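If you want the building blocks of each chain, they are given just below.
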2 protein chains.
Amino acid sequence: MTYCLAIRVDKGLVFCADSRTNAGIDNVNSYSKMHRFAPGPGRHFTLLSSGNLATTQAVVKKLRDDIKRAAAPNLQSVTSLEEAVDYVGMTSAAVQRQQAERDISTTGFEATFIFGGQIAEHKPEIFLVYPQGNYIHESREHPFLQVGEIKYGKPILDRVIVPALDLERAARCALVSMNSTVRSNATVGPPIDLLIQRANVFDGGRFLHLSEDDPFLQAVSRQWSAGLFQALEGLPPFDWEGREETPASTGHIYPFPPTP
Amino acid sequence: MTYCLAIRVDKGLVFCADSRTNAGIDNVNSYSKMHRFAPGPGRHFTLLSSGNLATTQAVVKKLRDDIKRAAAPNLQSVTSLEEAVDYVGMTSAAVQRQQAERDISTTGFEATFIFGGQIAEHKPEIFLVYPQGNYIHESREHPFLQVGEIKYGKPILDRVIVPALDLERAARCALVSMNSTVRSNATVGPPIDLLIQRANVFDGGRFLHLSEDDPFLQAVSRQWSAGLFQALEGLPPFDWEGREETPASTGHIYPFPPTP
């Protein structure tokens, strides 16, 4: 499996991806799922991939080749993010169709992507590209997108991510969301790729490639655990706590049901 | 869907269950999924149910009827938790087989249970009963069991629950795990049932039935969100923070890949 996420806040974009791939549980490998494109001044794009690895590699290769060959459209020629994601979706659907035609079995060639970036004078945007080639963008009420093993890391994003959050806090939140998923599910694993791109700055952004034993990643995990214990300590006590000897009888406590 | 969990710590047991049931997304109801049995002095059992509602209701009814009729075995006659869970698994499998035989279609009658409790002079125990009627118990490395929508609420349990944790902290952690799941997934919903049973005490335990607008549940949710923000603030800063004007060049930061 895979876990990738992207966050759009007012100040820019955050992308985060794990690197574990598997073709059966006894065939586990590491491949980067974050693909960065800077096909010209004043524009950059990032593609996070999940699904069939042959499909995602073919899609990435096609996107890079199209720039080299100056095919129309390509990531250098597109004039908006909408045009770019439409081209990515079309490419993904075409690659899957081609592989399915070649197949004599019923293999699943599906792939899902998160695609985002910025073209100068437009706003940064992020999209989730479905295997069918269609796509959705994030919203102000839900300013993040996830693919793969999304459930473990969703509660923290649901509680914390709002458009006004600053970029580094959003990036730390993405790392925590990823770290929690890695801890709870062995099919998602390091190295972790993290990319932080400030809006309207086209220097490639801050890119971190964090291996399992990276001291920063370990410090994040350790301090997050400590923070969770503190958060638990901050929760309201039950009615009866601190008066353990008194009988249980508050508005919250219901009598035991009669024995049948 | 459903989310139920049980925790076994040294000092006792915690059970927690949501109440949302649905037969299609346009047929949503509330049914308690926590069933408590106190069929005699010095023994109590709790069953948390997920899966086909007709199956789980039939299983609960059979368990209660068997006590009334003094059938052998029943929850009053069993002499160990192992014997009790074996009887629950057998009953569940028999109910499913009966319903499948009656069916002219290929309906899914499966149900999964968490079953636990204590019989005096034995230790408290919890089990996960599969639809096949077989079961597993928790371990000291993994002292909790979950059924249903388990992923959202697993990271907090993975980080916090150890056998030495005291009972009320474990119960608050269960509430947080449940509350996070309710927030992130509309198919899991209040009222929330929470039961806390101290080891070797057979008074029925502390039972809380928390509706959506329960002030205690709302305070837990609010203070947990505040605690998460604080935990995020406690995370280590990125290398470049606090020196935003200097160029990005630390051991963590890799150059942007060359334009293709």
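Keep in mind the model is a prediction, meaning the values are calculated, not measured. Numbers given for residues are sequential positions, taken from 1 along each chain in its written order. Chains carry letters from A onward and ligands carry numbers from 1 onward, assigned in written order. With pLDDT at 70 or above as the cut-off, local features in this predicted model cover only qualifying residues; side-chain atom pairs require 80 or more to be listed or tallied, and sums for whole chains, interfaces and linings still use all residues. Note: side-chain values were computed over all heavy atoms of the structure, leaving out hydrogens and water.

1. Section: the packing of aromatic side chains
When we look at a pair of aromatic rings, we describe it by the centre distance and by the angle of the planes.
Turning to step 1, where the next piece is worked out: Ring geometry is summarised as follows: Phe, Tyr and Trp rings, the Trp one being its six-membered ring, pair when their centres sit within 6.5 Å, and such pairs are stacked at plane angles under 30 degrees, edge-to-face over 60 and tilted between the two. In the structure shown here, the tally under the stated rule is eight aromatic pairs over all chains.
Turning to step 2, where the next piece is worked out: Seen from their ring centres, A:Phe216 and B:Phe238 are 5.2 Å apart, and the 40° between their planes marks the pair as tilted. Here A:Phe216 is found in helix α5 (residues 215-233), whereas its partner B:Phe238 is found in the segment after α5 (215-233) on a different chain. B:Phe238 carries the same exposure label as A:Phe216, and that label is buried.
Turning to step 3, where the next piece is worked out: A connected cluster of aromatic rings, assembled from ring pairs, spans A:Phe216, B:Phe238 and B:Trp240.
Turning to step 4, where the next piece is worked out: The ring of A:Phe207 is capped by A:Arg36, whose NZ or CZ atom sits 3.7 Å from the centre of that ring. Put simply, DSSP marks the helices as runs of H or I at least four residues long and the strands as runs of E at least two long, and each gets a number from the N terminus on. Relative accessibility decides the category of a residue: with a 1.4 Å probe and only protein chains considered, values under 20% of the type maximum give buried, values over 50% give exposed, and everything between is partly exposed. Charge over a ring is defined by NZ of Lys or CZ of Arg lying within 6 Å of the ring centre and within 35 degrees of the ring normal.

2. Notes on empty space enclosed by the protein
Turning to step 1, where the next piece is worked out: Using a 1 Å grid laid over the protein atoms alone, points where a 1.4 Å probe fits but cannot get out form a cavity; open sets with protein on both sides within 12 Å along at least 5 of 7 lines form a pocket; any residue with an atom within 4 Å of a point counts as lining. Grid points are joined across faces, edges and corners, and a volume is the space filled by probe spheres set on the points. Tallying each qualifying case throughout the model produces one cavity of 30 Å³ or more.
Turning to step 2, where the next piece is worked out: Of the pockets and cavities examined, the largest cavity occupies roughly 180 Å³.
Turning to step 3, where the next piece is worked out: Contributing elements (two or more residues each) for the lining of the largest cavity: α3 (154-160), α4 (167-184) and α5 of chain A together with α3 (154-160) and α5 of chain B.
Turning to step 4, where the next piece is worked out: When residue character is reported, Ala, Val, Leu, Ile, Met, Phe, Trp, Tyr, Cys and Pro are called nonpolar, Asp, Glu, Lys and Arg charged, and the others, Gly included, polar. Of the residues in the lining of the largest cavity, the class split is 11 nonpolar, two polar and two charged.

3. Structural notes on the interface of chain A and chain B
Turning to step 1, where the next piece is worked out: Contact definition: two residues touch when any of their heavy atoms are within 4.5 Å. If you look at the interface, chain A gives 68 residues, while chain B gives 68 residues.
Turning to step 2, where the next piece is worked out: In short, buried area is how much 1.4 Å probe accessible area vanishes from two parts on joining, totalled over both. Summed over both partners, the interface of chain A with chain B buries about 6800 Å², with 63% contributed by carbon and sulfur atoms.
Turning to step 3, where the next piece is worked out: For this analysis, a salt bridge means a side-chain nitrogen from Lys or Arg found within 4 Å of a carboxyl oxygen belonging to Asp or Glu. Where chain A touches chain B, the interface holds six salt bridges.
Turning to step 4, where the next piece is worked out: Notably, a salt bridge pairs A:Arg172 with B:Glu241, separated by 2.5 Å at the nearest N-O pair.

4. Structural notes on unusual backbone geometry
Turning to step 1, where the next piece is worked out: Cis rather than trans, the peptide bond between A:Pro190 and A:Pro191 has omega equal to 0°.
Turning to step 2, where the next piece is worked out: Note on placement: A:Pro191 falls in the loop between α4 and β11 (192-198).
Turning to step 3, where the next piece is worked out: Positioned with a positive phi, B:Ala70 is a non-glycine residue whose angle comes to about 55°.
Turning to step 4, where the next piece is worked out: Phi is positive for B:Glu121, which is not a glycine, with a value near 75°.

Just distances and angles here, no functional claims.
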